[in-house]
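Structural overview
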Amino acid sequence: MKGLPVLALLLCISSLYFVGLYLFVGGFLLVRLEVNRTSSCGDVLQPAGEPVDFCHVQPRLRRAVVLIIDALKFDFARYDHSNAAPRPYENKLPVLEEVTSSRPSHSRLYPFRADPPTTTMQRIKGFTTGSLPTFVDVGNNFASSAILEDNLIHQLGQTGKRVVFMGDDTWESLFPKKFHRSLPFPSFNVKDLHTVDDGILQHLYPTMTGDDWDVLVAHFLGVDHCGHRFGPDHPAMADKLTQMNAVIRSVMERLQNDTLLVVMGDHGMTDTGDHGGESLKETDAALFLYSPAPLFPGPPSQDEPEVVPQTDLVPTLALLLGVPVPYSSVGQVLLPLFPPHGQTEGAVEGLSQLEALWINAKQVNRFLETYSSMASDIPPENLSQLRREFSRLSDQYLSWVRGGGPPPPRLLFSLQSYLSSVRDTCRATWARFNPFKMAAGLVVLAFACLTCYVLSELSVVLIQENARRLRTPVVVALVVGVSVAVAQWFARGYADVSWCLAASALTSELLFFWTAARSASWLSHPLLVPPLVVSLLRCASLLSDSYVIAEGRVVTFLLFSLALYVPVHLNWCGHLVPPTPDPLKAAGLLPSPTLSSSAVRKETTTLVGGVGLLVLSLYLSLSFHACREEQGSCRPSPFLSPLSRLQDSQLKNLHYVLSVVSLALWTYLLKRCLSHYGNLNSSGGAAFTARWILPLLSVFLGIYWAVSSTPEDNFKDLGELIRLGQLTLPRAVFCLLGLGLFLIWLDPLTVFIKLRSSPSSRTSSLPPPRYRASTSMSPQAELHHLIPQIYQRMRRSLEDGEVGEGGGADGRPAVEAYGLGTVYSAPLLLFCGLLGVGLLLLHPEGMALSFLLLLLEMGAMLYIHASSTTLRGHHSGGFTVSWPPIVMWSLASSQFFHATGHLPTFPSIQWGAAFVGFPEGHSGTILPASLVALNTFASHALFAVGCPLLLFWPLACEVRGSRGGGGGGGGRACGDEDEDAVMEMRLRENPDQFSSALLQLSTRYLFLLGAQVFASVSAAAVLRRHLMVWKVFAPKLMFEACSFLVSSVFLLVGVTLVLRVDVAVAQWFKKVIPEASR
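What you see is a predicted model; the values in this text were computed from it and never measured. (Residues numbered from 1 in each chain as written. Predicted model: local features only at pLDDT ≥ 70, side-chain atom pairs only at ≥ 80, totals over all residues. Heavy atoms only, no water.)

**Section: the sheet that holds strand 8 (residues 308-309)**
Ordered in space as 4-3-5-1-6-7-2-8, the eight strands form an open sheet in which the pairing is mixed. Two strands in the sheet have a free side with no partner beyond their single neighbour: strand 4 (181-185) and strand 8. Against the sheet, helix 7 (residues 195-209) contacts strand 1 (63-69), strand 3 (163-168), strand 4 and strand 5 (215-220), and its axis sits at roughly 160 degrees relative to strand 5. Packed on one face of the sheet, helix 9 (residues 235-253) meets strand 1, strand 5, strand 6 (259-264) and strand 7 (284-290) and runs near 180 degrees to strand 1. (Pairing = 2+ DSSP bridges. Helix = DSSP H or I, 4+ residues; strand = E, 2+ residues; numbered from the N terminus. Contact = heavy atoms within 4.5 Å. Axes fitted to C-alpha atoms, helices over the stretch in contact; angles between N-to-C directions.)

Next comes the structure, spelled out in structure tokens:
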């Protein structure tokens, strides 16, 4: 078999897709230009218009305590007196209601709206810089990098204020060496509810009573982690909110009159405890302001804002504490905290509302001018209008300052409108789309799809030529890429990698088309067969946000339709009807039919049973879908919740039993299949893995589920043992999984050899029972899957004189082998089974039933494909896998993406997978990111690595004795007598056809995946100004790109494993009979 050309071609075509995605994403994802300038004490004009040292003006407040309660949504902070039966997250912060009602001039409670993405790092960046985030920022939540823009922490430090921080260690990475004193605690372990909060409480009150601080920032994480682990509607949330209520009350008791208390949430959470998107439940947090001295003129009025944007906190705190507003802030001061002009009663002093708004407007205008001189993404007409508006307001304000008297009545409102217009303009246009990169990415991806399709049709020619015609495009593409890099270096002084890759990719694609045009035979194939049309229509539907939202059910419907299409099409072509007896055939005047009537009936029954099993699996899999925010009436599956969240003990026990039974059935079905085909008889590494490691993995996983679902509070004496189990059991599963996969790779053969030196024994149909390696097999199964002479070439070499009578002159015995007929599919099936158990570990326990349905669906599709292939007599001319099973396989990978509780939205990402086996967190980001990626794209990984099974399964299910003469298998060396089916050994009879069939199968699968990616890219490009682009189309693009990356990598893993088995088979034959080596 020509393995290297197959791998090289697959790597090349995958690289073209990667280059296209890299180019498009680089031009599409919004990346705002950061203005690396800072405000200073002398560059802000005072209301009098003279440049003075702003920082030495007496500030309104001297100190501030900022308590950030992560994920404190506004619903948690509200208090409803009429609610007689509050839920666990309701009415647990009564101190806020008590203070706002009894001391209205000292406190306020506002909804505090965040800008998406609602992840912690982006929110910290938002309420410290006052800037708006961009879509690409969501990817930085795993690896928080230092904030380079001007920010409130930097300004406080520059003016000599001592900032003390304690809590979430994300702040340390965002503001390195910026704090007067810092007490960070590990933050990313969502299962830990207490470490960060308890650490803060140990230092919070002693710090407040001391005198070595001016601004104290404490970031609590317990509420957020409780939401991730249990959801908001859980008693643990009530306990955590009650604790926060006591903390707020204690802090208020220790405040001095010149100190401001800010209690805020950085974002909200959904009903499942997640966040990251832009629904109101995720964006609406709570903001509570309090000071022992009066802050507000009186009770709340109608003029006060209903919602406070998070960016408004930055200029408000800056002006209250007497520090410059950060340079890039687009926030607007919160006017109720500043007195109207001329009113300075009581303790109210400092800047008036009009003065604060003027400083704010001048700072925002300065940033707008600086940004517009560095970037051109703000529309010129909007920029000109804003400039004219500010010039008009500046004239009005300065005229009032020079003339004295009362301010113009509408000046206050006009300044507010100007600041709102600037923020709205930035929010709408703060995007640096690069149309050239986007266009280049689209072209490269389109050509990559066409290249992949042509490559699949030319697979036979390319394998015969040993892929020589592709050497020229690759070499020329490399030369062109290097030439572009050199030209850029001399012209600009640097080389842009993007354009070098674009030039190389386009050159290689165009040259390939030129060479392929000389082989026009592929053009004779039908381009649009019905299953391919279904797949392409599904790609076209990605241009509709409604179809993307309902994609899980759409894909299920399409897969159901194709499952029914297969038997209908076979019946239409007459393949399901047993052949009618013909007297001429009995006389030998016509060739005998390929399949007998009994064989047709048997295969038809198998086909109908497979379709029924597939339909049942599809129906049941709908019970495991999650819900998008847009699906208002949808209720998420109860199996998506970990067992630790369930409060009903009977329901928890039921879910656990179902999960364990599903896991046991997964293991049993895999072992039963391998045993049925005689692959458990050998003593090699793969058979050892199937007999021992696979069951052991299942046992450890079942125990881990029991341990992880046990609440530590109920078993305090066993708390340490439970924590030890949560640490060691999943790590043991990881180690066993790695060992099993390594043994499969090291020794993939599952063949058991039996040697017989007696000539009489060579003619026996069955080996003596005492020599059976697997007593669970029936004699009929042994007979069916036994290849008495292993191989036709081996038989001829044995019978043509290499072995003499009575065992041969050299004493060479006759040989029998078990499992040789499924030598390729067995290790691949076992690899998929082991990988599935490992991926199940990263999911909630309830997903075990969904994974079992995935296995049944896989098996149903394989048997449907095998039966339809047999009924059509497809192998009479080669091993080509037709489009219908490949399309069904690709649709199933997407269908089970949704059936394992995933959605193409960021809030649906199951971050808890990063801490399976690592409850204390990680020191780096690669491992947790990999675990989350494997959790998210588990179905894509399983179906990609198992894709070669579509080539092997029709051979593994070959009807014994159904094919006469030499017509079966495209070159099967058969004698005149009826022989046992050689099954997958046909592939070694035809190594070139084997290689070309494997290449064609892989490229067809990549073509379908690439078409989905191209459709998502096209939708994002065409609809980049659509209302739903950042909520629907951009996340869909990111998930499709990541799923293609995972699928292509695991497809290469599966193909590489097949090549490894082929090498092992060749070595095995060389040992048994050197002349049989290929």
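**Structural notes on the nonpolar core**
Phe-28, Val-823, Tyr-824, Trp-889, Phe-943, Leu-951 and Tyr-1005 are the most contacted members of the largest nonpolar core, which has 194 residues in total. Here this core takes 22 residues from helix 38 (residues 1029-1072), the largest share from any one element. Taken domain by domain, this core gets at least three of its residues from each of domain 1 (3-26 + 435-518) and domain 3 (530-580 + 594-751 + 822-960 + 981-1075). Beyond its immediate stretch of four places on either side in the chain, Leu-951 contacts Phe-879, Val-881, Phe-994, Ala-997, Leu-998 and Leu-1001. Tyr-110, Tyr-327, Phe-338 and Tyr-418 belong to the second largest nonpolar core, which has 72 residues in total. (Core = buried A, V, L, I, M, F, W, Y, C linked by side-chain atoms within 4.5 Å. Buried < 20%, exposed > 50% of the residue type's maximum accessible area, 1.4 Å probe, protein only. Domains from an automatic or database assignment.)

**So, the packing of helix 21 (residues 551-572) against helix 32 (residues 883-899)**
One way to put it is that helix 21 packs onto helix 32 with a least axis distance of 9 Å and a crossing angle of 150 degrees. In terms of their interaxial angle, helix 21 and helix 32 are classed as roughly antiparallel. In terms of crossing hand, the pair formed by helix 21 and helix 32 is left-handed. Residue-level contacts link Glu-551, Gly-552, Val-555, Thr-556, Leu-558, Leu-559, Leu-562, Ala-563, Tyr-565 and Val-566 of helix 21 to Pro-884, Val-887, Met-888, Leu-891, Ala-892, Ser-894, Gln-895 and His-898 of helix 32. Along the lines of polarity and charge, the residues of the contact of helix 21 with helix 32 split into twelve nonpolar, five polar and one charged. (Parallel < 35°, antiparallel > 145°, perpendicular 65-115°, else oblique. Left-handed = near helix turned anticlockwise from the far one by under 90°. Nonpolar A, V, L, I, M, F, W, Y, C, P; charged D, E, K, R; others polar.)

**Some thoughts on the side chain of Lys-1036**
For Lys-1036, the location among the structural elements is in helix 38. Once residues within four sequence positions are removed from consideration, Lys-1036 is found in contact with Arg-538, Leu-542, Val-548, Glu-551, Pro-904 and Ser-1016.

**Quick notes on helix 19 (residues 530-541)**
The terminal C-alpha atoms of helix 19, which comprises twelve residues, lie 17 Å apart, in line with the 16 Å expected from a rise of 1.5 Å per residue. Of the residues making up helix 19, those classed as buried are Pro-531, Leu-532, Ser-535, Arg-538, Cys-539 and Ser-541. The secondary structure elements touched by the buried residues of helix 19 are helix 15 (435-457), helix 20 (545-549), helix 21, helix 32, helix 37 (991-1022) and helix 38. (Expected span 1.5 Å × (residues − 1).)

**Comments concerning the pairing of strand 1**
A large share of strand 1 lies buried, amounting to seven of its seven residues. Burial of strand 1 is two-sided: the residues Arg-63, Val-65, Leu-67 and Ile-69 facing one way and the residues Ala-64, Val-66 and Ile-68 facing the other way are all buried. Across six bridges, the pairing between strand 1 and strand 5 is parallel. Following the sheet pairing, Val-66 is matched in strand 5 by Val-217.

**Structural notes on the side chain of Arg-108**
Among the structural elements, Arg-108 can be located in strand 2 (residues 107-113). Classification of Arg-108 by relative accessible area gives buried; the value is 3%. Here the side chain of Arg-108 touches Glu-304 through a polar contact of 2.8 Å, side chain to side chain. When sequence neighbours within four positions are dropped, the list of residues in contact with Arg-108 reads Thr-100, Leu-287, Phe-288, Leu-289, Phe-296, Gly-298, Pro-299, Pro-300 and Glu-304. (Polar contact = N/O pair within 3.5 Å; in protein donor to acceptor, adjacent residues only side chain to side chain.)

**Topic: the state of the cysteines**
A full pass over the atoms with the stated rule returns one disulfide. The partner cysteine of Cys-627 in its disulfide is Cys-634, sulfur to sulfur 1.9 Å. Measuring the twist about the S-S bond at about -65 degrees, one finds the Cys-627-Cys-634 disulfide to be left-handed. Given a relative accessible area of 21%, Cys-627 falls into the partly exposed group. We note that Cys-452 lacks a disulfide partner, and the nearest cysteine sulfur, in Cys-449, lies 7.5 Å from it. (Disulfide = S-S within 2.5 Å.)

**Here's the deal with the packing of aromatic side chains**
In total, this model carries 33 aromatic pairs according to the counting rule given. Ring centres of Tyr-453 and Phe-1007 lie 5.5 Å apart, and the angle between their planes is 55 degrees; this geometry places the pair in the tilted category. With a gap of 554 residues between them, Tyr-453 in helix 15 and Phe-1007 in helix 37 connect regions that are remote in the sequence. For Tyr-453, a relative accessible area of 6% gives the class buried. Where Trp-1068 meets Phe-1069, the ring centres are 5.0 Å apart and the plane angle is 75 degrees; that geometry is what we call edge-to-face. Like Phe-1069, Trp-1068 is buried. A cation over a ring is seen here: Arg-63 above Trp-213, with NZ or CZ 4.2 Å from the ring centre. Above the face of the Phe-296 ring, Arg-108 is positioned so that its terminal group lies 4.2 Å from the ring centre. (Phe/Tyr/Trp six-rings, centres within 6.5 Å; stacked < 30°, edge-to-face > 60°. Lys NZ or Arg CZ within 6 Å of the ring centre and 35° of its normal.)

Worth remembering: the numbers are spatial, not functional.
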